[in-house]
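An overview of the molecular structure
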Amino acid sequence: MDFILSALDYLLGIPFLGWGEQIGFVYKALALLVGLLIFTAFILLGDRKVWAAVQMRRGPNVVGPFGLLQSFADLIKFGVKEAVIPAGADKVLFLLAPLITATLALAGWAVVPVDNGWAMANINIGILYLLGISSLGVYGVIIGGWASNSKYPFFGALRAAAQMVSYEVSIGLVIITVLLCVGSLNLNDIVIAQSEMGLAHALGVPWLSFLNWFWLPLFPMFVVFYISALAETNRPPFDMVEGESELVAGFMTEYSSTPYLLFMLGEYIAILLMCAMTTILFLGGWAAPIDLPPFTWIPGVIWFFIKVSLVFFMFAMAKAIVPRYRYDQLMRIGWKLFLPLSLLMVVIVAFVLQLTGWGWHGGIA
Amino acid sequence: MTLPLFFFYVFSAITVASAFMVISARNPVHAVLFLILAFVNAAGLFMLAGAEFLALLLIVVYVGAVAVLFLFVVMMIDVDFAELKSGLLSYAPIGMVVGAILFLELLLVAGSFVIAPDVVGAGGLPIDATMDNTRALGLVLYTRYVFLFQGAAAVLLVAMIGAIVLTLRHRTGIKRQSTASQLGRKPSETVRNVKVKSGQGL
């Protein structure tokens, strides 16, 4: 059939099926997936090392030099253990939940441009797609908590439903402020706009490109986005969903071995996705911080992952030094503080852009 | 068969099947999950039609927020399934009547669908390559249809206020937290540094 041939050509780039000009989609996807998983393994280790360093411990240091292979040892451990499914659980949904979490987290990376044009899918509505994917992330938690048929996971699921929906609102409004400045929903355009306009250009020092990025003019939104991202991914100090002091392990209480591994992997990849979103929206994506030779020699993809790691370091430090929030306070800052603040910023930014025409290409790119 | 056509059949088959499962599933939580599956596949159909903005709006608003609240409510109610099933047959005639009316209305709408004479040839107009879905919507939504748009917003606001008014009740005699006074406390007012000699206590 015709469509099978064209699909094979597009996906695999197999020459004898019509010489697909681009490299096959499957190879690109595999490269991204493998790179991402290895990066996640080391990010996991980094998280534990930072946490340990703040508490003046050594952290994992047994497997491999400096404990570098710890995550891989954990992977093998989770893989070979027995998966226990509780007797009263809804078996299909119980196993579906971790799959949903992991798949959605990985799907989000399909639109992330790790270098200029290096996105699996460079779509016009990239940022909206990311918002959609992160808003679906709550389903893994809710379904997992309900299907476990046990009280602590159920409480975790109920908390997650309210928490993640609340913080999506402020994330959406933060994204709108950035979109107003750029005038495009394409992630590639958002990054390029940050290098073509901004404070450094206004001051006449265009090589200081880190002054161009949106973190400076939209600094309040940067802070709101960082805190909302913590809450959206259930990271401490907002990890009431799995708060071990009251809910054992929250929605993950009944999970073991590979399903647990998928939950954990999905959670960390979703966190990295949020870090990547912060990088793209506020920290200039793949661009070098100073537009001069020693910095521009480093390829963009390396810069991108350096920035993602830096944002993740901030996430890890928040986990290490901030005590867990109380649930009503979490709701209070979400609805009574961040929502009015980000709404106000949307109005202010829109007014300023309309009056001055400072947006990228006058905001109508 | 082309690739979009193939996906059209996949999406629409799953949409119809999961819509059927919504009304036939025994467990209400499963029914809501099938509803979500139907939403996602409808978004896929929008995507195939080239309306990518609407597709993602459907995902963000309906799947990401509204259906989460559905699930939230359905998970918490304790339903007796046997009782629910026994009452099902007595409601069947009403359901049939509603279904028949809806079907008739759909037929009437589909039958009265005409293409306005001034847009008959519009299908052949060249599409502006720089124009995408989002921008095209934004250009008319806040200019030509601004009153309809604001009207819809007002309706939603009224619905929200109505829901709050219906459920809000002021109870007297309960303790409330004052966040301002909690945040306004100073260490000097609440913490005292005491040096205790060993073996004495306070």
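Residues numbered from 1 in each chain as written. Chains lettered and ligands numbered in written order. Predicted model: local features only at pLDDT ≥ 70, side-chain atom pairs only at ≥ 80, totals over all residues. Heavy atoms only, no water.

1. Thoughts on the overall build of chain B
Stated precisely, the cut-off is as follows: For helices the rule is a DSSP run of H or I covering at least 4 residues; for strands it is a run of E covering at least 2, with both sets numbered from the N terminus onward. For every residue, the accessible area obtained with a 1.4 Å probe (protein chains only) is divided by the maximum for its type, and the residue is called buried under 20%, exposed over 50%, and partly exposed between those limits. Using the Shrake-Rupley algorithm and a 1.4 Å probe, accessible areas are obtained, with residue cover drawn only from the displayed protein chains.
Secondary structure summary: chain B contains nine helices and zero strands in total. N-terminal to C-terminal, the α/β element order of chain B is α-α-α-α-α-α-α-α-α. Taking all 202 residues of chain B together, the buried fraction comes to 16%. Taken as a whole, chain B presents about 16,000 Å² of accessible surface, with 72% of it coming from carbon and sulfur.

2. Observations concerning the overall build of chain A
Short version of the rule: Our radius of gyration looks at C-alpha atoms and nothing else; its globule reference is 2.2 Å times the residue count to the power 0.38. The charge count includes Lys and Arg as positive and Asp and Glu as negative, but it does not include His or the ends of the chains. For this purpose, a charge sits on NZ of Lys, CZ of Arg, CG of Asp or CD of Glu.
Scanning chain A for helices and strands turns up 15 helices and zero strands. A globule of 365 residues ought to have a C-alpha radius of gyration of about 21 Å, and chain A, at 22 Å, matches this closely. On the principal axes, the C-alpha backbone points of chain A span a range of 65 × 60 × 45 Å. In chain A, which comprises 365 residues, the share counted as buried stands at 51%. Taken as a whole, chain A presents about 16,200 Å² of accessible surface, with 73% of it coming from carbon and sulfur. On chain A, the mean spot of the 17 positive side-chain charges and the mean spot of the 20 negative ones are 14 Å from each other.

3. Structural notes on the interface of chain A and chain B
What counts here: Residues are treated as being in contact if the distance between any of their heavy atoms lies within 4.5 Å. Accessible area that two parts lose when put together, with a 1.4 Å probe and added across both, is what the buried area reports. Salt bridge, as used here: a side-chain nitrogen of Lys or Arg that lies within 4 Å of a carboxyl oxygen of Asp or Glu. Here a polar contact is recorded for every N or O atom pair within 3.5 Å, except that within protein the pair must consist of a potential hydrogen donor and a potential acceptor, and residues adjacent in sequence are included only if both atoms are side-chain atoms.
Across the contact, 30 residues belong to chain A and 29 residues belong to chain B. When the two sides are added together, the surface that chain A and chain B hide from each other amounts to roughly 2,500 Å², 74% of it contributed by carbon and sulfur. The interface formed by chain A and chain B includes zero salt bridges. Between the two partners, chain A and chain B, sit three residue pairs in polar contact (both at pLDDT 80 or more).

4. Looking at the packing of helix 5 (residues 126-136) of chain A against helix 7 (residues 151-182) of chain A
Residues and elements named next belong to chain A. We apply this condition: Axis definition: a line fitted to C-alpha atoms, over the contacting stretch in the case of helices. Angles run 0 to 180 degrees between N-to-C directions. Note that the term roughly parallel is reserved for angles under 35 degrees, roughly antiparallel for angles over 145, roughly perpendicular for angles of 65 to 115, and oblique for everything else. Residue polarity is assigned by list, with Asp, Glu, Lys and Arg as charged and Ala, Val, Leu, Ile, Met, Phe, Trp, Tyr, Cys and Pro as nonpolar; anything else, Gly included, falls into the polar class.
Orientation of helix 5 relative to helix 7, taken along the N-to-C sense of each, is 170°, at an axis distance of 11 Å. Compared by their axis directions, helix 5 and helix 7 come out roughly antiparallel. Contact residues: helix 5 offers Ile127, Leu131, Ser134 and Ser135, while helix 7 offers Glu168, Ile171, Gly172, Ile175 and Leu179. Of the residues belonging to the contact of helix 5 with helix 7, the class tally is five nonpolar, three polar and one charged.

5. Details of the pattern of salt bridges
Residues and elements named next belong to chain A. Enumeration according to the criterion identifies five salt bridges over all chains in this entry. The partner of aspartate 239 in a salt bridge is arginine 324, and the shortest N-O contact between them spans 2.7 Å. Taken together, the residues aspartate 239 in the loop between helix 10 (219-232) and helix 11 (244-247) and arginine 324 in the loop between helix 14 (300-321) and helix 15 (327-356) connect sequence positions 85 residues apart. Classification of aspartate 239 as buried rests on a relative accessible area of 7%. Given the relative accessible area of 29%, arginine 324 is considered partly exposed. A single network of salt bridges, built from pairs that share partners, joins Asp47, Arg235 and Lys319.

6. Considerations on the environment of glycine 126 of chain A
Residue and element names in this part refer to chain A. Looking at where glycine 126 falls in the secondary structure, it is placed in helix 5. The spatial distance from the C-alpha of glycine 126 to the C-alpha of alanine 202 is 29 Å, given a sequence separation of 76 residues. Discounting chain neighbours no more than four positions away, the residues touching glycine 126 are Val111, Leu185 and Leu187.

7. Some remarks on the nonpolar core
All names here are of chain A. To keep things clear, this is the line we draw: Working definition of a nonpolar core: buried Ala, Val, Leu, Ile, Met, Phe, Trp, Tyr and Cys residues. They are joined through side-chain atoms within 4.5 Å.
Membership of the largest hydrophobic core comes to 116 residues, with the highest contact counts inside it found for Trp109, Tyr139 and Phe282. Here the element with the most residues in this core is helix 7; it accounts for 14 residues. Setting aside anything within four residues of it in sequence, one finds tryptophan 109 in contact with Leu32, Leu36, Val114, Ile269, Leu272, Leu273, Ala276, Phe304 and Phe305.

8. A word on helix 5 of chain A
Extensive coverage of helix 5 of chain A is indicated by the burial of eleven of its eleven residues. Within helix 5 of chain A, burial applies to Gly126, Ile127, Leu128, Tyr129, Leu130, Leu131, Gly132, Ile133, Ser134, Ser135 and Leu136 of chain A.

9. Some points on helix 14 of chain A
Threshold: Take the number of residues in a helix, subtract one, and multiply by 1.5 Å to get its expected span.
Spanning 22 residues, helix 14 of chain A covers 32 Å between terminal C-alpha atoms, matching the ideal 32 Å at 1.5 Å per step. Listed in full, the buried residues belonging to helix 14 of chain A are Gly300, Trp303, Phe304, Lys307, Val308, Val311, Phe312, Phe315, Ala316, Ala318, Lys319 and Ala320 of chain A.

10. Structural notes on the side chain of serine 71 of chain A
Residue and element names in this part refer to chain A. Residue placement: serine 71 occurs in helix 3 (residues 70-80). Residue serine 71 is classed as buried on the basis of its relative accessible area of 12%. Polar side-chain contacts of serine 71 include one of 2.6 Å to the backbone oxygen of alanine 41. Residue contacts for serine 71: discarding those within four places in its chain leaves Ala41, Leu44 and Leu45.

11. A closer look at the confidence of the model for chain B
Residue and element names in this part refer to chain B. The condition is simple: As a per-residue measure, pLDDT reflects the predictor's confidence and takes values from 0 up to 100.
A residue-level look at chain B finds 89% of positions with pLDDT of 70 or above and a mean pLDDT of 83. Mean pLDDT across the secondary structure elements of chain B bottoms out at helix 4 (residues 81-86), with 63, and peaks at helix 7 (residues 146-167), with 93. Both scores are available for the predicted complex, with the pTM at 0.84 and the ipTM at 0.80.

12. Regarding the packing of aromatic side chains
Each aromatic ring pair is characterised by the separation of its centres together with the angle its planes make. Quick reminder of the rule: Any two rings among Phe, Tyr and Trp, with Trp reduced to its six-membered ring, count as a pair given centres within 6.5 Å; such a pair is stacked if its planes are under 30 degrees apart, edge-to-face if over 60, and tilted if neither. Two limits define a charge over a ring: the Lys NZ or Arg CZ must be within 6 Å of the ring centre, and within 35 degrees of the ring normal.
Counted by the stated rule, this structure contains 21 aromatic pairs over all chains. Ring geometry for phenylalanine 39 of chain B versus tyrosine 62 of chain B: centroids 5.5 Å apart, planes at 50°, classification tilted. Note that phenylalanine 39 of chain B is positioned in helix 2 (residues 28-48) and tyrosine 62 of chain B in helix 3 (residues 52-76), a separation of 23 residues in sequence. Judged by its relative accessible area of 40%, tyrosine 62 of chain B is partly exposed. Members of the aromatic cluster, each reached through a chain of ring pairs, are Phe39, Trp109, Phe304 and Phe305 of chain A. The ring of phenylalanine 78 of chain A has lysine 77 of chain A sitting right over it, with the charged end atom 5.1 Å from the ring centre.

13. Details of the packing of helix 1 (residues 3-24) of chain B against helix 2 of chain B
All names here are of chain B. Where we set the bar: For a crossing to be left-handed, the near helix must be turned anticlockwise from the far one by less than a right angle; the clockwise case is right-handed.
Contact pair helix 1 / helix 2: the axes reach a minimum separation of 8 Å and the direction vectors enclose 155°. Comparing the axis directions of helix 1 and helix 2 gives the class roughly antiparallel. Judged by the sense of rotation from one axis to the other, the crossing of helix 1 with helix 2 is left-handed. For the pair helix 1 and helix 2, the contacting residues are Pro4, Phe7, Phe8, Phe11, Ser12, Ile14, Thr15, Ser18, Ala19, Met21 and Val22 in the first and Ala31, Phe34, Leu35, Leu37, Ala38, Asn41, Ala42, Gly44, Leu45 and Leu48 in the second. Residue composition of the contact of helix 1 with helix 2, by class: 16 nonpolar, five polar and no charged.

14. Remarks on the side chain of glutamine 70 of chain A
As for its placement among the helices and strands, glutamine 70 of chain A is situated in helix 3. Each residue touching glutamine 70 of chain A, except ones within four places of it in the same chain, is listed here: Leu45, Arg48, Pro60 and Val63 of chain A.

15. Details of the environment of glycine 285 of chain A
All names here are of chain A. Positionally, glycine 285 belongs in the loop between helix 12 (257-282) and helix 13 (293-296). Separated by 220 residues in sequence, glycine 285 and proline 65 place their C-alpha atoms 32 Å apart. Residues contacting glycine 285, with those up to four places away along its chain left out, are Val191, Thr279, Ile280, Phe304 and Lys307.

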